[in-house]
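# A structural walkthrough
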Amino acid sequence: MTDNTWTVPEPELLERVRERLEGESRQENEGATAVLATLVDVEGNAYRRPGAKLLFDADGEGIGAITAGCLEDELRTAAATVRETGRPRLVSYDLREGEESASDVWGLGVGCNGRLEILLEPLAESLRPAVTAFDEGRDVAVCTVLADDGPLERGDRASYYPDAGERNGRFDVLDGDPADWPTDALERPARDLVDRGRGTRLERTLESGRQLEVFVDGLAAQPELVVCGTGHDVAPVVELAAAEFRVTVVGFRGAVDLDERFPDADRTVTTSPARLRDALELDDRTHAVVMTHNFVDDRLAVDELLRSPAPYVGLLGPRERFEEMRAAFEREGRQFAASELERLYTPIGLDLGSGSPYGIAHSIVAEVLAVANGRDPGHLSARDGPIHERIDATDDDGRS
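A few points on the structure.

Reading the values: rules and limits
- Residues numbered from 1 in each chain as written.
- Predicted model: local features only at pLDDT ≥ 70, side-chain atom pairs only at ≥ 80, totals over all residues.
- Heavy atoms only, no water.
- Phe/Tyr/Trp six-rings, centres within 6.5 Å; stacked < 30°, edge-to-face > 60°.
- Helix = DSSP H or I, 4+ residues; strand = E, 2+ residues; numbered from the N terminus.
- Buried < 20%, exposed > 50% of the residue type's maximum accessible area, 1.4 Å probe, protein only.
- Polar contact = N/O pair within 3.5 Å; in protein donor to acceptor, adjacent residues only side chain to side chain.
- Patch = residues over 30% accessible without salt bridge, like charges linked within 9 Å, V, L, I, M, F, W, Y side chains within 5 Å.
- Areas by Shrake-Rupley, 256 points an atom, 1.4 Å probe, with all protein chains shown as cover.
- Salt bridge = Lys/Arg side-chain N within 4 Å of Asp/Glu carboxyl O.
- Lys, Arg positive; Asp, Glu negative; His and termini not counted.
- Charge placed at Lys NZ, Arg CZ, Asp CG, Glu CD.
- Pairing = 2+ DSSP bridges.
- Axes fitted to C-alpha atoms, helices over the stretch in contact; angles between N-to-C directions.
- Contact = heavy atoms within 4.5 Å.
- 1 Å grid on protein atoms, 1.4 Å probe; cavity = no way out; pocket = protein on both sides within 12 Å on 5 of 7 lines; lining within 4 Å.
- Points joined across faces, edges and corners; volume = space filled by probe spheres on them.
- Nonpolar A, V, L, I, M, F, W, Y, C, P; charged D, E, K, R; others polar.

With that settled, the discussion passes to the packing of aromatic side chains. Under the definition given, this model contains four aromatic pairs. Ring geometry for Tyr-312 versus Tyr-345: centroids 4.6 Å apart, planes at 25 degrees, classification stacked. Pair noted here: Tyr-312 is in strand S15 (residues 312-315) and Tyr-345 is in strand S16 (residues 344-345), with a separation of 33 residues, a long-range link. Residue classification places Tyr-312 among the buried positions, given a relative accessible area of 0%. Tyr-345 sits in the partly exposed class, given a relative accessible area of 25%. Relative to Phe-336, the ring of Phe-322 has its centre 6.0 Å away and its plane inclined at 55 degrees; by these criteria the two rings are tilted. Pair noted here: Phe-322 is in helix H11 (residues 319-331) and Phe-336 is in the loop between H11 and helix H12 (338-341), with a separation of 14 residues, a long-range link. Residue classification places Phe-322 among the buried positions, given a relative accessible area of 4%.

Tracing the chain through its elements places Arg-334 in the loop between H11 and H12. Using a relative accessible area of 10% as the deciding quantity, one classes Arg-334 as buried. Reaching out from Arg-334, the side chain makes a polar contact with the side chain of Asp-303 at a distance of 2.7 Å. A polar contact of 3.0 Å, which involves the side chain of Arg-334, links it to the side chain of Glu-340.

To continue, consider a negative patch on the surface. Taken together, the side chains of Glu-320, Glu-323, Glu-324 and Glu-330 make up a negatively charged region of the molecular surface. The residue Glu-324 is located in helix H11 in this model.

This brings us to unusual backbone geometry. Leave glycine aside and you will find that most residues have negative phi; peptide bonds, for their part, are mostly trans. In the segment running from Thr-346 into Pro-347, the intervening peptide bond is cis, with an omega of 0 degrees. Located in the positive-phi region is His-293, a residue other than glycine, with phi close to 65 degrees. With respect to the helices and strands, the residue His-293 is situated in the loop between strand S14 (286-290) and helix H10 (295-306).

Our focus in this paragraph is the pairing of strand S9 (residues 199-205). In terms of strand pairing, S9 meets strand S10 (residues 211-219) through seven bridges, oriented antiparallel. Its bridge partner lying in S10, Glu-203 is registered against Glu-213. Linking S9 to S10, which pair antiparallel, is a turn of five residues; within it Gly-209 sits at a positive phi near 95 degrees.

Strand order across the open sheet formed by five strands is S8-S7-S6-S10-S9, with antiparallel pairing between neighbours. Edge positions in the sheet fall to strand S8 (170-173) and S9, since each of these pairs with one other strand and no more. On average, each strand axis in the sheet is tilted by 25 degrees relative to the strand beside it, whichever way the strands run. Across six bridges, the pairing between strand S6 (residues 140-145) and S10 is antiparallel. The partner of Thr-144 across the bridge, within S10, is Phe-215. Across the sheet, helix H5 (residues 128-135) touches S6, strand S7 (157-161) and S10, and the angle it forms with S7 is around 25 degrees. Lying on the sheet, helix H6 (residues 183-196) is in contact with S6, S7, S8, S9 and S10; it crosses S9 at an angle near 165 degrees.

Time to look at empty space enclosed by the protein. Inspection of every chain in the model, using the stated rule, returns one cavity of 30 Å³ or more. There is about 120 Å³ of room inside the largest cavity. The wall of the largest cavity is formed by 16 residues, among which Leu-36, Lys-53, Leu-127, Val-142 and Asp-217 lie closest to the centre. Sorting the residues of the lining of the largest cavity by element identifies helix H2 (10-25), strand S1 (35-44), strand S5 (114-122), H5, S6 and S10 as the ones contributing at least two each. In terms of residue count, S10 provides more of the lining of the largest cavity than any other element does, three residues in total. For the lining of the largest cavity, the per-class residue count stands at ten nonpolar, two polar and four charged.

Below is the structure:
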């Protein structure tokens, strides 16, 4: 693995999965050549949380990460076996101090200090609907069978779409008999996990009395970041944000080639600041940064954005600048409700102490990311309990 392939963000990894599936479907009689590894359970501490993925190509090259590098060689060997047999496989690694496996095989100080269970499976067509939906910006939960004792087999899959336009969403059973899938018992945890963008391992009892183990992987569509501005200081923000958000750059002047200037943006839009709500679909997953350096444009853009459901509106510049805007608004009869001001962040960004272009960009993106994840930024050393939150997904009967 290289640094570039190890640091691939999940949206790009899922895009690679979709591309591999499309490529392999055109290669008749060659079978699956890539293997997907997914972290499905963690006991203790781990570098990544359940749902982390690593894709191995036919030549064994890995894309993505499950650990900080301690297990990737072991997983590559296991993936080769899966590629040969064509069957999914569950593997476990215990990296806790004092365990023989941690001290004798990987050496001391591997860092994870936990037990990891990983599903390795050949890329299957049953993954295609989910990765396609995610690529289109839709929420989806991927339910994959882990146990291999029937009636469903390891690797059998169903997808859940909470935005299917139906009252309770929709399950698409892709493998096995639909009657064998406990979709009623999986629906609530699947919806909850999609909302939180998290994955967890669940056990459900079938009508036959057998226990079914399923990994439910909630793939929440990426939140959107709208950046209003076309100055040179916008490029570092777009570059850093692209790993976590679908980024839209909005320009208010037509003289700049936005696509050429901001290659990391998912899309670019040219409009007027007073027509932002007409030009963009602004919802409760849309976060916005205003940094045009033009007082009038900034003022009109902030007004438009605060009238939308966007949970975050960040304004570049000192606090006094917004107070000037607010005074101008008041002279025009525009009063801001408390709920609007709660969503306005100015001066924008976290206090990281850096004044360089990339330092400022890190400050801005870190603040937006914290708000998007519902976190109050602080030092992890001061956080009680695990760094990654533990998932307690339950069904209507309260079962986890």
